[in-house]
Amino acid sequence: MTASKIPAVQVASIAPQLPLGVQLRDDASFSSFYAGPNTEVVTCFKEAAMGRLGGMLYLHGPKGSGKTHLLQALCRDAGGSGLRAGYLPLAEFAAHESAVLEGMTSLSLLCLDDVDHVTGSREWALLLMRLCDAARQQDLTLALAAESAPAAITSALPDLCTRLGWGMVFGMQALSDADRLQALQLRARARGLELPAEVGNFLLLRSARDLPALMRMLGDLDTASLAAQRRLTIPFVKSVLGL
């Protein structure tokens, strides 16, 4: 999967002392995300990307539920709307001092992924509390994502849990098998690939059912289909995936 660097104004210039190397996935867009039961989340994130919704947005759900996709889509669209936006996956920076976030209140939009990976640190918790205060008092939209809801976050400072719930809180809803099929077909169309329903259902029945794994499998099938100049059929899928 290819990836594109966040424009330097969004992250690198804020903390030049750290080689962040943060990247947005090329496929992380609202158009490639199947909302299904999460339509309200997508609608609010689109509004935030256009600068029409401020304050705090908190998204929680299990790994692979689409939180990272939505945060990156929000950051990308906000940048396209002329907003100064930044995205950071905090799981990758938990070992750093919280100085990685210093100065980010100057952004219009800040997207922080994996928040629960740093809340056990008092230093990080204090900085996150200051960011929550800034989102309430200043012109900053703060979008956060974690596996747990605000009240269930393990934090070095209990007051942080309260602040994390100040804004709009969304729990990602699980997709049904019918939703997963729709999501696969949407991503296939974005690749210029036709995924017949019978082939999609075959993948759902014969393979790992979590969506990220299914999307990686679709990428492998896309590559094989292009190389062999073959349509996606059940026999072809079996041969490629060794099923």
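Residues numbered from 1 in each chain as written. Predicted model: local features only at pLDDT ≥ 70, side-chain atom pairs only at ≥ 80, totals over all residues. Heavy atoms only, no water.

Focus: the environment of Glu 194
Note that Glu 194 resides in the loop between helix H5 (177-190) and helix H6 (197-206). With 74 residues separating them in the primary sequence, Glu 194 and Gly 120 have C-alpha atoms 46 Å apart. (Helix = DSSP H or I, 4+ residues; strand = E, 2+ residues; numbered from the N terminus.)

Some details on the packing of aromatic side chains
Under the criterion given, the structure shown has 0 aromatic pairs. The ring of Trp 166 is capped by Arg 136, whose NZ or CZ atom sits 3.9 Å from the centre of that ring. (Phe/Tyr/Trp six-rings, centres within 6.5 Å; stacked < 30°, edge-to-face > 60°. Lys NZ or Arg CZ within 6 Å of the ring centre and 35° of its normal.)

Looking at the layout of surface pockets
Volume-wise, the largest pocket comes out at about 1000 Å³. Around the largest pocket sit 40 residues that line it, and Lys 63, Gly 64, Ser 65, Gly 66 and Pro 212 are the ones nearest its centre. Listed by contribution, the elements that provide at least two residues to the lining of the largest pocket are helix H2 (67-80), strand S4 (85-89), strand S6 (141-146), H5 and helix H7 (211-228). Classifying every residue of the lining of the largest pocket by side-chain character gives 16 nonpolar, 10 polar and 14 charged. (1 Å grid on protein atoms, 1.4 Å probe; cavity = no way out; pocket = protein on both sides within 12 Å on 5 of 7 lines; lining within 4 Å. Points joined across faces, edges and corners; volume = space filled by probe spheres on them. Nonpolar A, V, L, I, M, F, W, Y, C, P; charged D, E, K, R; others polar.)

Description of the side chain of Arg 187
Relative to the helices and strands, Arg 187 is located in helix H5. The class of Arg 187 is buried, set by a relative accessible area of 11%. Once residues lying within four places of it in the same chain are set aside, the contact partners of Arg 187 are Asp 27, Ser 32, His 69, Met 215 and Leu 218. (Buried < 20%, exposed > 50% of the residue type's maximum accessible area, 1.4 Å probe, protein only. Contact = heavy atoms within 4.5 Å.)

With respect to the environment of Leu 140
Looking at the element boundaries, Leu 140 is found in the loop between helix H3 (122-137) and S6. Since its relative accessible area comes to 2%, Leu 140 is described here as buried. Each C-alpha atom of the pair Leu 140 and Met 104 lies 9.2 Å from the other, and the pair is 36 residues apart in sequence. Beyond its immediate stretch of four places on either side in the chain, Leu 140 contacts Gly 55, Met 104, Thr 105, Leu 107, Ser 108, Leu 109, Leu 110, Leu 131, Ala 134 and Ala 135.

With respect to H6
Every buried residue of H6 is accounted for by Val 199, Gly 200, Phe 202, Leu 203 and Leu 204. Packed against the buried residues of H6 are H5, H7 and helix H8 (234-241).

Comments concerning the nonpolar core
Core analysis: the largest hydrophobic core is formed by 58 residues, its most contacted members being Phe 45, Leu 70, Leu 74, Leu 88, Leu 101, Leu 112 and Leu 142. Broken down by secondary-structure element, the contributors of at least two residues to this core are helix H1 (39-49), strand S3 (55-60), H2, S4, strand S5 (109-113), H3, S6 and helix H4 (158-164). The leading source of residues in this core is H3, at 9 residues. Discounting residues that sit within four places of it in the chain, Leu 101 has contacts with Leu 88, Leu 112, Trp 124, Leu 127 and Leu 131. Of all hydrophobic cores here, the second largest spans 19 residues; its members include Ala 183, Leu 193, Met 215 and Phe 236. (Core = buried A, V, L, I, M, F, W, Y, C linked by side-chain atoms within 4.5 Å.)

Some details on the pattern of salt bridges
Per the stated rule, a full pass over the model turns up 6 salt bridges. Among the salt bridges present, the one from Asp 177 reaches Arg 180, with a minimum N-O distance of 3.4 Å. Of this pair, Asp 177 and Arg 180 both sit in helix H5, 3 residues apart, which is roughly one turn of the helix. The exposure class of Asp 177 is partly exposed, given its relative accessible area of 36%. Note that Asp 222 and Arg 191 form a salt bridge whose closest N and O atoms lie 3.0 Å from each other. Taken together, the positions of Asp 222 in helix H7 and Arg 191 in the loop between H5 and H6 put the pair 31 residues apart, joining distant regions of the chain. Classification of Asp 222 as buried rests on a relative accessible area of 10%. One connected set of salt bridges, linked through shared partners, spans Arg 25, Asp 27 and Arg 187. (Salt bridge = Lys/Arg side-chain N within 4 Å of Asp/Glu carboxyl O.)

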